[in-house]
Amino acid sequence: MFTGIIKQVGKVNNIKKTGKGLEIVIDCPGLINRLKIGDSIAVDGCCLTVTSKKDSKFTSDISYKTLENTTFKDINEGQLLNLEESLSMGEKIGGHFVSGHIDNAAKILGIDKKGIFYNFKIELKEENQPLIATRGSVTIDGISLTVAEKLKDSFKLAIIPHTYNNTNLKIKKVGSMVNLEVDLFARYIANYLGNK
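Here is a short report on the structure shown in this document.

Cut-offs used in this document
- Residues numbered from 1 in each chain as written.
- Predicted model: local features only at pLDDT ≥ 70, side-chain atom pairs only at ≥ 80, totals over all residues.
- Heavy atoms only, no water.
- Pairing = 2+ DSSP bridges.
- Helix = DSSP H or I, 4+ residues; strand = E, 2+ residues; numbered from the N terminus.
- Salt bridge = Lys/Arg side-chain N within 4 Å of Asp/Glu carboxyl O.
- Buried < 20%, exposed > 50% of the residue type's maximum accessible area, 1.4 Å probe, protein only.
- Patch = residues over 30% accessible without salt bridge, like charges linked within 9 Å, V, L, I, M, F, W, Y side chains within 5 Å.
- Areas by Shrake-Rupley, 256 points an atom, 1.4 Å probe, with all protein chains shown as cover.
- Lys, Arg positive; Asp, Glu negative; His and termini not counted.
- Polar contact = N/O pair within 3.5 Å; in protein donor to acceptor, adjacent residues only side chain to side chain.
- Contact = heavy atoms within 4.5 Å.
- Core = buried A, V, L, I, M, F, W, Y, C linked by side-chain atoms within 4.5 Å.
- Axes fitted to C-alpha atoms, helices over the stretch in contact; angles between N-to-C directions.
- Phe/Tyr/Trp six-rings, centres within 6.5 Å; stacked < 30°, edge-to-face > 60°.

### Quick look at the pairing of strand β3 (residues 40-43)
In the sheet, β3 pairs with strand β4 (residues 46-49) via four bridges, with the strands oriented antiparallel. Each residue of the ladder has a partner; that of Val43, found in β4, is Cys46. Where β3 folds back on β4, the antiparallel hairpin that results is connected by two residues, among which Asp44 adopts a positive phi of roughly 50°. The pairing of β3 with strand β7 (residues 80-85) spans three bridges and is antiparallel. Within β7, the residue paired with Ala42 across the bridge is Glu84.

Written out as structure tokens, the structure is:
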């Protein structure tokens, strides 16, 4: 379980194919001393497992199923990734409850600067329509954000300067893909109502 509060932006150091999956090595000097082998870590919002660590780097495996549903299918060496350690009991929850289970990759349809703020327009696929609400929570590349406005086939996010400058949002462009996780509670409520 995570909160969507990014602790560090790491860099992909190495990528190796492993059958239908991948093994990635991520450089994260500011976070590495707090990680242990077997820990869960959110990498661009996706819950991965630390399988090894050395110096300032850790290794994780990405399954073929994760590759199908996330932006990792197009991952490159040198790419910047948002990182968050798993939540510990007694910690502050600054964002919202995030599972690290990505619903799908979504396209950035627009980026506009409004003063010191940034408005991001994100693609909204039909299956996620009932799970997104204006002023509701959503996770983009592991970042806990609030939906500013829901439209027919997209939604808008108002990004504050701190979030923009301390995550990989600052390198995103129109057409870039992001990992989308809908609000955990919205998913369970929709599932419950659908089974009644």
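There is more to say, and it comes next.
### Describing the pattern of salt bridges
Taken as a whole and judged by the stated rule, the model has four salt bridges. Across the salt bridge formed by Glu68 and Lys65, the nearest N and O atoms sit 3.3 Å from each other. Of this pair, Glu68 and Lys65 both sit in helix α1 (residues 64-69), separated by three residues, roughly a single helical turn. The exposure class assigned to Glu68 is partly exposed, which follows from its relative accessible area of 46%.

### Re a nonpolar patch on the surface
A surface patch of nonpolar side chains, about 720 Å² in accessible area, is lined by Met1, Ile93, Phe97, Phe185, Ile189, Tyr192 and Leu193. Examined against the element boundaries, Phe185 turns out to sit in helix α3 (residues 184-194). Residue Phe185 is classed as partly exposed on the basis of its relative accessible area of 48%.

### As for the side chain of Asp39
For Asp39, the position within the fold is in the loop between β2 (21-27) and β3. Although Asp39 lies buried, it forms no salt bridge, and the closest oppositely charged side chain, Lys36, sits 4.2 Å away as judged by the N-O distance. Engagement of the side chain of Asp39 in a polar contact is seen with the backbone nitrogen of Lys36, the distance being 2.8 Å. Setting aside residues no more than four positions away along its own chain, Asp39 makes contact with Arg34, Leu48, Thr49 and Val50.

### Focus on the nonpolar core
Among the nonpolar cores identified, the biggest contains 22 residues, and Phe120, Ile122, Val138, Ile140, Phe155, Leu157 and Ile159 are the most heavily contacted of them. Ignoring any residue separated from it by four or fewer positions in sequence, one finds Leu157 in contact with Tyr118, Asn119, Phe120, Ile122, Val138, Ile140, Leu145, Thr146, Val147 and Ala148. Membership of the second largest hydrophobic core comes to 21 residues, among which are Ile24, Phe72, Leu83 and Ile102.

### Observations concerning the sheet that holds β3
Spatially, seven strands are ordered β4-β3-β7-β1-β2-β6-β5 in an open sheet, and the strand pairing comes out antiparallel. Strands with a single pairing partner mark the edges of an open sheet, and in this sheet they are β4 and β5 (52-54). Taken over all neighbouring pairs, the strand axes of this sheet differ in orientation by 40° on average, direction set aside. Two elements, β5 and strand β6 (residues 57-62), share three bridges in a ladder whose sense is antiparallel.

### Describing the sheet that holds strand β13 (residues 177-182)
What the six strands build is a closed barrel, ordered β8-β9-β12-β11-β10-β13; its pairing is antiparallel. Strand-to-strand, the axes of this sheet are offset by a mean angle of 45°, without reference to chain direction. Strand direction decides the pairing type here: strand β11 (residues 143-150) and strand β12 (residues 154-159), joined by three bridges, are antiparallel. The partner of Lys150 across the bridge, within β12, is Phe155.

### Quick notes on the packing of aromatic side chains
By the definition in use, this model includes two aromatic pairs. Measuring from centroid to centroid gives 6.2 Å for Phe97 and Phe185, while their planes differ by 80°, and the two rings are edge-to-face. Here Phe97, found in the loop between β7 and β8 (104-114), pairs with Phe185, found in helix α3; they are 88 residues apart in sequence, far enough to count as distant. In this structure Phe97 comes out as partly exposed when scored by relative accessible area, which is 32%. Centre to centre, the rings of Tyr118 and Tyr164 are 3.7 Å apart; their planes meet at 5°, and the pair counts as stacked. With Tyr118 in strand β9 (residues 117-123) and Tyr164 in helix α2 (residues 161-165), this residue pair connects regions lying 46 residues apart in the sequence. Pair check on accessibility: Tyr118 and Tyr164 agree, each one buried.

Remember, this is a structural readout, not a statement about activity or role.
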